[in-house]
Amino acid sequence: MLLSVPNYFSALHFLIWRDTIGYLRNQRKADCVACRNLPITSALYISTTPSPIQEAKFNFSLLLISLSFLPQLRQIRAMASEKETAASGSAAAVNGGESAEPLQRKIALITGITGQDGSYLTEFLLNKGYEVHGLIRRSSNFNTQRLNHIYIDPHNSHKARMKLHYADLSDASSLRRWIDTIAPDEVYNLAAQSHVAVSFEIPDYTADVVATGALRLLEAVRSHIAATGRSHIRYYQAGSSEMFGSTPPPQSETTPFHPRSPYAASKCAAHWYTVNYREAYGLFACNGILFNHESPRRGENFVTRKITRAVGRIKVGLQSKLFMGNLQASRDWGFAGDYVEAMWMMLQQEKPDDYVVATEESHTVEEFLEVAFGYVGLNWRDHVMIDKRYFRPAEVDNLKGDSSKARKVLGWKPKVGFEQLVKMMVDEDIELAKREKVLVDAGYMDAQQQP
């Protein structure tokens, strides 16, 4: 029989009433408690059409039962909703962002996770709903400062979606072991001895980690795929604009490399290893040729952070001089937080390829000094002194990228401009200098450690 819904039913009551009918009709036992409470129990089972009076009594009885079942039905609906939410998932917010988790999270493995790029990429991937694993070198001191704000103790397994593991690009066995254990969907090789000037001091180590280290990781990925059949793994290799060296700008994916340092030559080797594994084994491997990208998380011995760090200390009276090298070197500087998005975009394409990532603007070190010191009302010429020890044996005069391919294919473009980037870094380092001054004033630190 077809039961009509009384007009005085609200939408909620109708849903409860409907579910109750379904529940009662599915009961086929004679001792059903709900059926015994019905004035006209036979109405559930008869196939003949009841009289109008019988139907009215039946509907009224169902209404009373529905209202009595209201708390239980609400609880059932809440439990069902929770299960549905858990199945579809929603990614935890990182730095205020929100995004939906897939049914099964992607797993990313990052070498160099404790560096500037690694920390920004980790934040980005967590915000995308990934589970992130990072390989770190053993050190006597903790070097995870850039990750402290997103680190969760692994004992909180239901919350910790970032996990750290000891390994090294100089140790092939550790790379293969963790790839087998983690079974990543995406691998980002960001680890390197990345200081150009230092690479002249330790060339053997630079080549072993930057060049051969990339080869070890590629081989670990290839052998893992061969052993497991997990051919969907995607690999990102961090390249560098330093590979172009003395080649005149603008530099694109087709510009010849002319490296001018052990670091740059090692990055060229890693680039071609990646291309070789892509062509020889069909590995989904991309090279990202990223031009200079900075942030408040940049290491303090890199020229941009060296400048903004000094600006902060000079402004609060902790330092008076800044020693620099070549002020006429010109670079294409962007924000590291923008560039990690391009890394991820490369691995989401249908086919692997190589991309230049750049702002397409070039500025000299002197221009950087002018913006940084001028932002706080200082004249850089009153504080900067030239020290020849900071000149490179082979200088790279001008790097300016042509990122038209990345803009067209990936849909990527930088969001932070040059002056905004410099001011962002100065703001952070002034706050750091203020905290440092508190320690100096309290006698816990010697301000004369800096000239």
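Residues numbered from 1 in each chain as written. Predicted model: local features only at pLDDT ≥ 70, side-chain atom pairs only at ≥ 80, totals over all residues. Heavy atoms only, no water.

Chemist: Mind showing me how you'd approach the pattern of salt bridges here?
Modeler: Close approach of charged atoms lets side chains of opposite charge pair. Counted by the stated rule, this structure contains 24 salt bridges. Across the pair Lys423 and Glu419 runs a salt bridge, and its minimum N-O distance is 3.9 Å. Taken together, the positions of Lys423 and Glu419, both in helix H14 (residues 418-441) and four residues apart, correspond to about one turn of that helix. The class for Lys423 is partly exposed, based on a relative accessible area of 31%. Residue Glu419 is classed as partly exposed on the basis of its relative accessible area of 45%. Put simply, Glu300, Arg305, Arg309, Arg313, Asp429 and Glu436 are held in one network by salt bridges that share partners. (Salt bridge = Lys/Arg side-chain N within 4 Å of Asp/Glu carboxyl O. Helix = DSSP H or I, 4+ residues; strand = E, 2+ residues; numbered from the N terminus. Buried < 20%, exposed > 50% of the residue type's maximum accessible area, 1.4 Å probe, protein only.)

Chemist: What is the right way to look at the pairing of strand S7 (residues 234-240) in this model?
Modeler: Within a regular strand, side chains alternate between the sheet's two faces. In terms of residue burial, S7 counts as a mostly covered element, since six of its seven residues are buried. Bridging between strand S6 (residues 186-189) and S7 involves four bridges; their strand directions are parallel. Opposite Asn189, over in S7, you have Gln237 as the bridge partner. The pairing of S7 with strand S8 (residues 284-290) spans seven bridges and is parallel. Looking at S8, one finds that Ser240 is bridged to Leu290. In this view, the connection linking S7 to its parallel neighbour S8 by way of helix H9 (residues 262-281) has right-handed handedness. (Pairing = 2+ DSSP bridges. Right-handed = clockwise from strand over helix to strand, strands pointing away.)

Chemist: How do you make sense of the environment of Arg309 when you look at a structure like this?
Modeler: Among the structural elements, Arg309 can be located in helix H10 (residues 303-315). The buried category is assigned to Arg309, whose relative accessible area is 13%. In the structure, Arg309 is positioned 13 residues away from Leu322 in sequence and 9.8 Å away in space, judged by C-alpha atoms. Excluding its chain neighbours within four sequence positions, the residues that come into contact with Arg309 are Glu300, Asp429, Leu432 and Glu436. (Contact = heavy atoms within 4.5 Å.)

Chemist: I would appreciate a short explanation of the sheet that holds strand S3 (residues 107-111) in the present structure.
Modeler: In sheet architecture, strand pairing relies on hydrogen bonds along the backbone and comes in two forms, parallel and antiparallel. The strand order S5-S4-S3-S6-S7-S8-S13 describes an open sheet built from seven strands, whose pairing is parallel. Both edges of this open sheet fall to strand S5 (162-166) and strand S13 (354-357), since each of them pairs with a single strand only. The mean inter-strand angle of the sheet, taken between neighbouring strand axes irrespective of direction, is 20°. Sheet topology places S3 next to S6; four bridges connect them, and they run parallel. Counted as the bridge partner of Leu109 is Val187 from S6. Strand contacts of H9: S7, S8 and S13, with the helix running at about 155° to S8, the strand carrying the most contacts. Across the sheet, helix H11 (residues 336-346) touches S6, S7, S8 and S13, and the angle it forms with S8 is around 155°. (Axes fitted to C-alpha atoms, helices over the stretch in contact; angles between N-to-C directions.)

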